Amino acid sequence: MIEHKFAEDRLAALYDVFFPPRRRDDFAFYLPLVMSARAVLDVGCGTGALLRLARDAGHTGRLCGLDPAGGMLNQARQWSNIEWIHGDLSSVNWDQEFDLVVMTGHAFQELVADDEIREALAAIHSALVAGGRFVFETRNPLVRAWEHWATEYTAEVIDATGALVRCEYQVEMPIEGGVVRSISTFTSDGWIHPEVSRGALRLLDAPAVSSFLSSAGLTIEEQFGTWTGHPLTDTSPEIITVARKG
Ligand SMILES: C[S@@+](CC[C@H](N)C(=O)[O-])C[C@H]1O[C@@H](n2cnc3c(N)ncnc32)[C@H](O)[C@@H]1O
């Protein structure tokens, strides 16, 4: 099980400050899907923000979040009315328990090797009831968004104690094998040392997404290129996929 860059409590506590859940366009897309499903598994749930929004909005069914980063799950566990599991898809064994499985915040891109993707999709297929849906997004490699990430993700926020925290984001060049590697350096005046975290994100193109899904017995039902439902094209920022189990 790989610990994520936000595994540590200090960084995990900052995640929803950098990415406020109620301002996220992706959650506006995912929340209605979660609300209309009886049992939902959020793989790579992070701080659990999506499931928390669903419970707060009156979801009465099963909501289960799975994440390998202990610090992220510690944030999520502040909400005890949701099932939180520390682990990844290799550490669970669900059989037809969920109507909907989601991977949000580009969590799917954390699956870097082909085998990791295949094993994750097999576990998702097994976890879904017949006719259940797997919904996730991955960034469209054709638009080369990583060229702008240093500016986009370098930012400052005020943490829960009122201190200013700065994140300096760098992409490591060259990009090899469709994997973007990055270094985020977090600093704040009161900290003894910076927190440095490394990330690796796989960028699959639409044909590769389609091929992995069909090999896993998942059929693409719909695909979008933006959170507001524009069709997928070569210039779309996202490859947002709704896939159904057989
Ligand atoms: C960018 S965060 C997104 C968190 C959350 N889904 C959201 O939308 O806010 C990516 C998450 O994927 C998790 N992750 C990393 N590797 C994973 C894996 N192999 N399986 C499941 N989750 C993983 C990380 O721990 C992290 O919490």
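Right above here is the structure, for reference.
Structure report, in brief.

1. Here's the deal with the pairing of strand S7 (residues 164–176)
Turning to step 1, where the next piece is worked out: Judged from the four bridges that link them, strand S6 (residues 155–158) and S7 form a sheet pairing that is antiparallel. Bridge pairing links Ile158 to Leu164 in S7.
Turning to step 2, where the next piece is worked out: In textbook terms, the turn of a hairpin is the stretch between consecutive antiparallel strands, and for S6 and S7 this stretch comprises five residues, one of which, Gly162, has a positive phi near 95°.
Turning to step 3, where the next piece is worked out: Examined bridge by bridge, S7 and strand S8 (residues 179–187) share eight bridges and lie antiparallel to one another. Across the sheet, Arg166 pairs through a bridge with Thr187, a residue of S8.

2. Quick look at helix H3 (residues 49–56)
One full turn of an α-helix is made of 3.6 residues, so residues set three or four places apart face in the same direction.
Turning to step 1, where the next piece is worked out: Within H3, seven of the eight residues are buried, which leaves the element mostly enclosed by the surrounding structure.
Turning to step 2, where the next piece is worked out: Among the residues of H3, those classed as buried are Ala49, Leu50, Leu51, Arg52, Leu53, Ala54 and Arg55.
Turning to step 3, where the next piece is worked out: The inward-facing, buried residues of H3 abut helix H1 (9–18), helix H2 (25–35), strand S1 (39–43), strand S2 (62–67), strand S3 (83–86) and strand S4 (98–103).

3. Some thoughts on the sheet that holds S7
Turning to step 1, where the next piece is worked out: One open sheet accounts for four strands, arranged S6-S7-S8-S9; its pairing is antiparallel. The open sheet has two edge strands, S6 and strand S9 (195–202), and neither has a second partner. Shown here is a sheet whose adjacent strand axes are inclined to one another by a mean of 25°, direction ignored.
Turning to step 2, where the next piece is worked out: Together, S6, S7, S8 and S9 form the strand contacts of H1, whose direction differs from that of S6 by roughly 100°.

Conventions we followed
- Residues numbered from 1 in each chain as written.
- Predicted model: local features only at pLDDT ≥ 70, side-chain atom pairs only at ≥ 80, totals over all residues.
- Heavy atoms only, no water.
- Pairing = 2+ DSSP bridges.
- Helix = DSSP H or I, 4+ residues; strand = E, 2+ residues; numbered from the N terminus.
- Buried < 20%, exposed > 50% of the residue type's maximum accessible area, 1.4 Å probe, protein only.
- Contact = heavy atoms within 4.5 Å.
- Axes fitted to C-alpha atoms, helices over the stretch in contact; angles between N-to-C directions.

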